[in-house]
Amino acid sequence: MPALSKKVCLLGDFAVGKTSLVRRFVYNLFEDRYISTIGVKVSRKTVTIPDAAGPVELTMMLWDLAGSEEFNQIQASYLRGAAGAILVCDLTRPETVTSLTTYAGNLTSINENVSLVVAANKNDLVNQLRVAPDEVAAVAASLGAPFYLTSAKTGDEVEAVFRHLGRLLVKS
Ligand code: GDP
Ligand code: MG
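Residues numbered from 1 in each chain as written. Chains lettered and ligands numbered in written order. Predicted model: local features only at pLDDT ≥ 70, side-chain atom pairs only at ≥ 80, totals over all residues. Heavy atoms only, no water.

**Student:** Lay out the overall build of the chain with the relevant residues and their values.
**Tutor:** A count of helices and strands for the chain gives five helices and six strands. Counting from the amino terminus, helix and strand elements in the chain follow one another as β-α-β-β-α-β-α-β-α-β-α. Based on the C-alpha atoms only, the size of the chain along its principal axes is roughly 45 × 35 × 30 Å. For the chain, the residues scored as buried account for 44% of the 172 residues in total. Accessible area for the chain stands at about 8500 Å²; split by element, carbon and sulfur atoms hold 52% of it. Here the chain holds 17 positive side-chain charges and 17 negative ones, and the gap between their average locations is 6 Å. (Helix = DSSP H or I, 4+ residues; strand = E, 2+ residues; numbered from the N terminus. Buried < 20%, exposed > 50% of the residue type's maximum accessible area, 1.4 Å probe, protein only. Areas by Shrake-Rupley, 256 points an atom, 1.4 Å probe, with all protein chains shown as cover. Lys, Arg positive; Asp, Glu negative; His and termini not counted. Charge placed at Lys NZ, Arg CZ, Asp CG, Glu CD.)

Below is the structure:
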């Protein structure tokens, strides 16, 4: 089976669930406590992606960046070489949806061919949801990205969002 390795960045505001989505996807675990990421953590997961020419073994190198620091030289170097990104927002905080456009702009200014998917996270917090799916859909459409309503807590749609990005990375 042909094998590929691609760098993927997790991007989004503080506490939207970037680290939790990686943890769910890679280890199938969830932690309610907030574990602040220091610097950058790289996790790896290999998935088999179907493709027209047959299945491809894709290793996703998942770069989880700390916090929501301003776009600076250090972050630029983390973004460099990324083939794709998961843009993460929090359905209980509307401002985190607006931020996605900035993160996408930061990334595409470095690599305009980067593949993007949107994870609108914390969909399990049904009594605190403050963003309608339509609003996420509009932002995602403006970025040319598919979107999923995810929950790192329950695992809902987590596999789906990473695998969709995987399919885009194998095609590109
Ligand atoms: P990051 O700063 O974007 O990496 O965010 P974290 O992954 O550290 O998550 C921030 C907080 O939100 C933590 O307390 C997590 O337990 C919580 N959290 C993350 N994802 C979810 C989710 O899907 N549902 C709920 N209810 N809480 C979540
Ligand atoms: Mg984190």
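**Student:** So what's going on with the packing of aromatic side chains? Which residues, and what values?
**Tutor:** Under the defined criterion, the tally for this structure stands at two aromatic pairs. On the numbers, 4.1 Å between centres and 5° between planes, the contact of Phe25 with Phe162 is stacked. Pair noted here: Phe25 is in helix α1 (residues 18-27) and Phe162 is in helix α5 (residues 158-171), with a separation of 137 residues, a long-range link. When its relative accessible area of 0% is taken as the criterion, Phe162 is described as buried. Note that Lys7 overlies the ring of Trp63, its terminal NZ or CZ placed 3.6 Å from the centroid. Above the plane of the ring of Phe25 lies Lys45, whose end atom (NZ or CZ) is 4.5 Å from the centre. (Phe/Tyr/Trp six-rings, centres within 6.5 Å; stacked < 30°, edge-to-face > 60°. Lys NZ or Arg CZ within 6 Å of the ring centre and 35° of its normal.)

**Student:** Can you break down the site of ligand 1 residue by residue, with the values?
**Tutor:** Among the 20 residues in the neighbourhood of ligand 1, the closest are listed as Ala15, Lys18, Ser20, Glu31 and Asp124. Residue Ser20 places a side-chain N or O atom 2.6 Å away from an oxygen atom belonging to ligand 1. One of the side-chain nitrogen or oxygen atoms of Asp124 is found 2.7 Å away from a nitrogen atom of ligand 1. Within the complex, the protein chains bury 92% of what would otherwise be the 580 Å² of accessible surface of ligand 1. Element by element, the count of residues in the shell around ligand 1 is highest for α1, at three residues. (Near = heavy atom within 4 Å. Polar contact = N/O pair within 3.5 Å; in protein donor to acceptor, adjacent residues only side chain to side chain.)

**Student:** Before we move on, can you summarise α1 with the specific residues and values?
**Tutor:** Of the residues making up α1, those classed as buried are Lys18, Leu21, Val22, Arg24, Phe25 and Val26. Contacts made by the buried residues of α1 are with β1 (3-11), β2 (40-49), β3 (56-65), β4 (84-90), β5 (115-121) and α5. The first or second residue beyond α1 is Asn28, which carries a positive phi of 55°. (Contact = heavy atoms within 4.5 Å.)

By themselves, these are just geometric observations and shouldn't be taken as functional.
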